[in-house]
Amino acid sequence: MATEKWVFMVTAQTPTNIAVIKYWGKRDEVRILPVNDSISVTLDPDHLCTVTTVAVSPAFDRDRMWLNGKEISLSGSRYQNCLREIRGRAGDVEDMEKGIKIRKKDWEKLNLHIASHNNFPTAAGLASSAAGFACLVFSLAKLMNVDEDPSHLSAIARQGSGSACRSLFGGFVKWTMGSKEDGSDSVAVQLADEKHWDDLVIIIAVVSSRQKETSSTSGMRESVETSLLLQHRAKEVVPKRILQMEEAIKNRDFASFTQLTCTDSNQFHAVCLDTSPPIFYMNDTSHRIISLVEKWNRSEGTPQVKF
Ligand SMILES: Nc1ncnc2c1ncn2[C@@H]1O[C@H](COP(=O)(O)OP(=O)(O)OP(=O)(O)O)[C@@H](O)[C@H]1O
Ligand SMILES: C[C@@](O)(CCOP(=O)(O)OP(=O)(O)O)CC(=O)O
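Residues numbered from 1 in each chain as written. Chains lettered and ligands numbered in written order. Predicted model: local features only at pLDDT ≥ 70, side-chain atom pairs only at ≥ 80, totals over all residues. Heavy atoms only, no water.

What follows concerns the site of ligand 2. Taken together, 16 residues are adjacent to ligand 2, and Tyr-23, Lys-26, Arg-78, Ser-161 and Ser-163 come closest. At a separation of 2.7 Å, an oxygen atom of ligand 2 approaches a polar side-chain atom of Arg-78. Within the side chain of Ser-163, an N or O atom sits 2.7 Å from an oxygen atom of ligand 2. The element best represented in the shell around ligand 2 is helix H4 (residues 216–226), accounting for three residues. Partitioning the shell around ligand 2 into residue classes produces six nonpolar, six polar and four charged. (Near = heavy atom within 4 Å. Polar contact = N/O pair within 3.5 Å; in protein donor to acceptor, adjacent residues only side chain to side chain. Helix = DSSP H or I, 4+ residues; strand = E, 2+ residues; numbered from the N terminus. Nonpolar A, V, L, I, M, F, W, Y, C, P; charged D, E, K, R; others polar.)

Structural data, given as structure tokens:
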């Protein structure tokens, strides 16, 4: 490793993903292993996305991270697990132009500075943790020359936030829950790429940019502990729905795709209500939008719904 005070950095941009069959509930809180498979659509890269720059330099005295311009702590197990997993797979890096040579073994001693920015509200129900952790893992893997395919990287991003594993791929993505205790088979796979259904349009209506009162992590923990509907959903409902959704995506069957998406979203919110104490993620505007869409789907013309 050269001794002069150089900085070597990488920037990556990662879109968020919206689940059409929801992940809600963990069977292992530490490794972040879900109680059911889920399917999502990854948004176009320049829409709702995270941009993360990771830098390494012998001048840095400790790992530090800034999220949306404010320093945050990296001491939590989610950040630590991602950093450890990536460092453990780091390769040699050589930049002839700058005269930088980092050997595999050097990564353990070098510190990182990470700056990340979401171009949409953070922790407001728009999957910022998905884009955020996927981008973190992807940019660190590039910086440290990690030679792993996206599915292996997805298993690392999963340890930051479950939904993040699905943002390592574009298009339509399935997170297979897996059955192994160590979580090595709980990875994301691409069902169809972004070109497969390119006239599908996703409209994101931001009904509130306020931070949610109950985070996904604690909300799903409470649902696992108290909701009987969650157990029924995970065992009886989702496995069949996953197969139907895969078929709908394969055939670009819009009617089935939207019917399954709406039904699954409604059941997710029903599980939240079945949780003790109940969790409310929707507001009056969300309910009005649901009515509007339902009316729209049943009518020929534009429905007359007042907001
Ligand atoms: N760009 C980012 N880089 C790293 N971590 C991030 C980033 N953005 C968000 N996070 C982490 O994710 C947390 C928010 O996750 P949370 O699941 O509560 O909300 P959300 O992902 O926006 O919503 P939802 O999961 O309901 O769609 C933040 O508090 C932060 O710890
Ligand atoms: C409703 C959801 O968006 C919940 C996402 O939960 P997170 O992935 O944010 O939870 P943690 O794994 O605890 O970080 C559904 C989904 O994206 O599948």
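In this section: the layout of surface pockets. If you add up the space inside the second largest pocket, you get close to 320 Å³. Lining the second largest pocket we find 15 residues, and of these Thr-42, Leu-43, Asp-44, Leu-200 and Ile-202 sit closest to its centre. Of the residues assigned to the lining of the second largest pocket, the class counts are nine nonpolar, three polar and three charged. (1 Å grid on protein atoms, 1.4 Å probe; cavity = no way out; pocket = protein on both sides within 12 Å on 5 of 7 lines; lining within 4 Å. Points joined across faces, edges and corners; volume = space filled by probe spheres on them.)

Moving on to the environment of Ser-161. For Ser-161, the location among the structural elements is in the loop between helix H3 (150–157) and strand S12 (172–175). Ser-161 gets classed as buried once you look at its relative accessible area, which sits at 6%. In this structure, the C-alpha to C-alpha distance between Ser-161 and Ala-134, residues 27 residues apart in sequence, is 8.6 Å. Among all residues touching Ser-161, those that are not within four sequence positions of it are Ile-32, Arg-78, Ser-129 and Phe-133. (Buried < 20%, exposed > 50% of the residue type's maximum accessible area, 1.4 Å probe, protein only. Contact = heavy atoms within 4.5 Å.)

It is worth spelling out the packing of aromatic side chains at this point. In this structure the tally under the stated criterion is eight aromatic pairs. Ring geometry for Tyr-79 against Phe-133: centres 4.8 Å apart, planes inclined by 35 degrees, an arrangement best described as tilted. With Tyr-79 in helix H1 (residues 77–88) and Phe-133 in helix H2 (residues 128–143), this residue pair connects regions lying 54 residues apart in the sequence. Judged by relative accessible area, Tyr-79 falls into the buried class, the value being 18%. Its relative accessible area of 7% is what places Phe-133 among the buried residues. (Phe/Tyr/Trp six-rings, centres within 6.5 Å; stacked < 30°, edge-to-face > 60°.)

For the rest of this paragraph, the subject is the pairing of strand S5 (residues 38–42). Here S5 lies mainly inside the structure; five of its five residues are buried. Alternating residues of S5 divide into Ser-38, Ser-40 and Thr-42 and Ile-39 and Val-41, and every residue in both groups is buried. As judged from the four bridges shared by S5 and S12, these two strands associate in the antiparallel manner. Among the inter-strand pairings, Ser-40 is bridged to a residue of S12, identified as Val-173. (Pairing = 2+ DSSP bridges.)

Our focus in this paragraph is unusual backbone geometry. Residue Pro-277 is reached from Ser-276 by a cis peptide bond, and omega for that bond is -5 degrees. Following the sequence through the fold, Pro-277 ends up in the loop between helix H6 (254–274) and helix H7 (284–298). The phi dihedral of Ile-32 falls on the positive side, at around 60 degrees, and the residue is not glycine. As for its placement among the helices and strands, Ile-32 is situated in the loop between strand S3 (26–28) and strand S4 (33–34). For Asn-68, which is not glycine, the phi torsion reads 50 degrees and is therefore positive. Position of Asn-68 among the secondary structure elements: in the loop between strand S7 (64–67) and strand S8 (70–72).

Read from one edge of the open sheet, five strands run S1-S6-S11-S7-S8, paired in mixed fashion. The strands lining the two open edges of the sheet, one partner per strand, are strand S1 (8–15) and S8. Between one strand axis and the next, the sheet turns by 20 degrees as a mean value, whatever way the strands run. Across eight bridges, the pairing between strand S6 (residues 49–57) and strand S11 (residues 111–118) is antiparallel. Paired with Val-56 across the two strands is Leu-112, which belongs to S11. The strands touched by H1 are S7, S8 and S11; relative to S11, the strand with the most contacts, the crossing angle is about 125 degrees. (Axes fitted to C-alpha atoms, helices over the stretch in contact; angles between N-to-C directions.)

In this section: H6. Its 21 residues place the ends of H6 30 Å apart at the C-alpha level, agreeing with the 30 Å of an ideal helix rising 1.5 Å per residue. Residues of H6 that are buried: Phe-257, Leu-260, Thr-261, Asp-264, Gln-267, Phe-268, His-269, Val-271 and Cys-272. In this structure, the buried residues of H6 make contact with strand S2 (17–21), S5, S12, H4 and helix H5 (228–250). (Expected span 1.5 Å × (residues − 1).)

On the surface, Asp-44, Asp-46, Asp-193 and Glu-194 cluster together into a negatively charged patch. Mapped onto the secondary structure, Asp-44 falls in the loop between S5 and S6. (Patch = residues over 30% accessible without salt bridge, like charges linked within 9 Å, V, L, I, M, F, W, Y side chains within 5 Å. Areas by Shrake-Rupley, 256 points an atom, 1.4 Å probe, with all protein chains shown as cover. Salt bridge = Lys/Arg side-chain N within 4 Å of Asp/Glu carboxyl O. Lys, Arg positive; Asp, Glu negative; His and termini not counted. Charge placed at Lys NZ, Arg CZ, Asp CG, Glu CD.)

Core analysis: the biggest nonpolar cluster contains 47 residues, and Val-56, Ile-86, Ile-102, Trp-107, Leu-143 and Met-144 have the highest contact counts within it. Sort the elements by how many residues they give to this core and H2 lands first, with seven residues. Grouped together as the second largest cluster of nonpolar side chains are 15 residues, Ile-21, Phe-172, Met-245 and Leu-260 included. (Core = buried A, V, L, I, M, F, W, Y, C linked by side-chain atoms within 4.5 Å.)

This next bit is on the site of ligand 1. Near ligand 1, the surroundings consist of 19 residues, among which Tyr-79, Ser-116, Ala-127, Ser-128 and Lys-212 are the closest. The side chain of Ser-128 places a nitrogen or oxygen atom 2.7 Å from an oxygen atom of ligand 1. Its free accessible area being 640 Å², ligand 1 has 80% of it covered by the protein chains. Those elements giving two or more residues to the shell around ligand 1 turn out to be S7, S11 and H2. When residues of the shell around ligand 1 are assigned to their parent elements, the largest contribution, four residues, is made by H2. Its residues assigned to classes, the shell around ligand 1 comprises eight nonpolar, ten polar and one charged.

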